[in-house]
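Structural description and commentary
Residues per chain are reported as follows:
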Amino acid sequence: MRTILLSLILAASLAAAHKPAQKKVIQPKDFPTGRPFSPGILVDGTLYVAGQTGSDVKTGKIPDEFEAEVKQALDNVGAVLKAGGMSPGDVVSVQVYLTDAEIFERMNAVYKAYFKEPRPTRTTVVVAKLVGQGHIEITATARKMSSSTKIRR
């Protein structure tokens with residue numbers, strides 16, 4: 001009887017350990033709905049933020065000044081992070097898409113003010129065109145780490 005009970009407990013814990021990960025859509029309240037993508041998806045403590053442009057989420061307007069466009073794109077990323085219970089400090093990886101290599105340093109100046117040390121890993125790619133009239137799109141991956149797994153300085 002004891003062996004059967006232990007076998008049942010072991011089977012139940014193995015079944016619980018192999019439960020498929022659940023995806024949770026992260027939808028900031030001010031973001032448009034009905035799009036063919038989710039602003040963010042949270043899976044097993046990792047938040048995947050969809051590409052965010054520098055357009056205002058309420059009006060769709062892109063600022064005239066490039067630095068303001070970068071800040072708006074980062075603020076849009078930040079809104080998804082916040083809705084997912086995270087902050088820029090939880091971001092581990094960023095991808096930046098620019099329409100012109102000449103604006104890289106201007107983007108970098110705004111980016112460095114947003115992400116503090118240690119900054120996330122990053123890939124920056126120059127593309128021929130983005131959907132719409134913008135000059136930048138930013139996507140990010142974030143992970144809330146427990147205090148025991150944080151890097152000590």
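Above this text sits the structure in question.
Keep in mind it's a predicted model, so treat the numbers as computed, not measured.

Quick word on the overall build of the chain
On a plain count of helices and strands, the chain comes out with 3 helices and 6 strands. The secondary structure elements of the chain, listed N-terminal to C-terminal, are α-β-β-β-α-β-α-β-β. Within the chain, buried positions represent 33% of all 153 residues. Of all intrachain contacts in the chain linking residues separated by at least 6 positions in sequence, the fraction that spans at least 24 positions is 68%. Accessible surface for the chain amounts to roughly 10000 Å². Of this, 58% is attributable to carbon and sulfur atoms.

Side note on helix α2 (residues 66-83)
For α2, with 18 residues, the first-to-last C-alpha span of 26 Å sits near the 26 Å given by 1.5 Å per residue. When α2 is considered as a whole, its buried residues turn out to be Phe66, Glu69, Val70, Gln72, Ala73, Leu74, Asn76, Val77, Gly78, Val80 and Leu81. Buried positions along α2 lie against β1 (23-26), β2 (40-43), β3 (46-53), β4 (91-98), α3 (104-114) and β6 (136-143). Of the residues one or two after α2, glycine 85 is the one with positive phi, at around 80°.

Section: the packing of aromatic side chains
In total, this model carries 2 aromatic pairs according to the counting rule given. Here the aromatic rings of tyrosine 111 and phenylalanine 115 are separated by 4.9 Å at their centres, their planes lie at 50°, and the arrangement is tilted. The class of phenylalanine 115 is buried, set by a relative accessible area of 1%. Taken together, a centroid distance of 4.9 Å and an interplanar angle of 85° make the contact between tyrosine 114 and phenylalanine 115 edge-to-face. The structure contains a cluster of three or more aromatic residues connected by ring pairs, namely Tyr111, Tyr114 and Phe115. Against the face of tyrosine 111 rests arginine 122, its NZ or CZ located 4.4 Å from the ring centre.

Here is what the cut-offs are and how they apply
Residues numbered from 1 in each chain as written. Predicted model: local features only at pLDDT ≥ 70, side-chain atom pairs only at ≥ 80, totals over all residues. Heavy atoms only, no water. Helix = DSSP H or I, 4+ residues; strand = E, 2+ residues; numbered from the N terminus. Buried < 20%, exposed > 50% of the residue type's maximum accessible area, 1.4 Å probe, protein only. Contact = heavy atoms within 4.5 Å. Areas by Shrake-Rupley, 256 points an atom, 1.4 Å probe, with all protein chains shown as cover. Expected span 1.5 Å × (residues − 1). Phe/Tyr/Trp six-rings, centres within 6.5 Å; stacked < 30°, edge-to-face > 60°. Lys NZ or Arg CZ within 6 Å of the ring centre and 35° of its normal.

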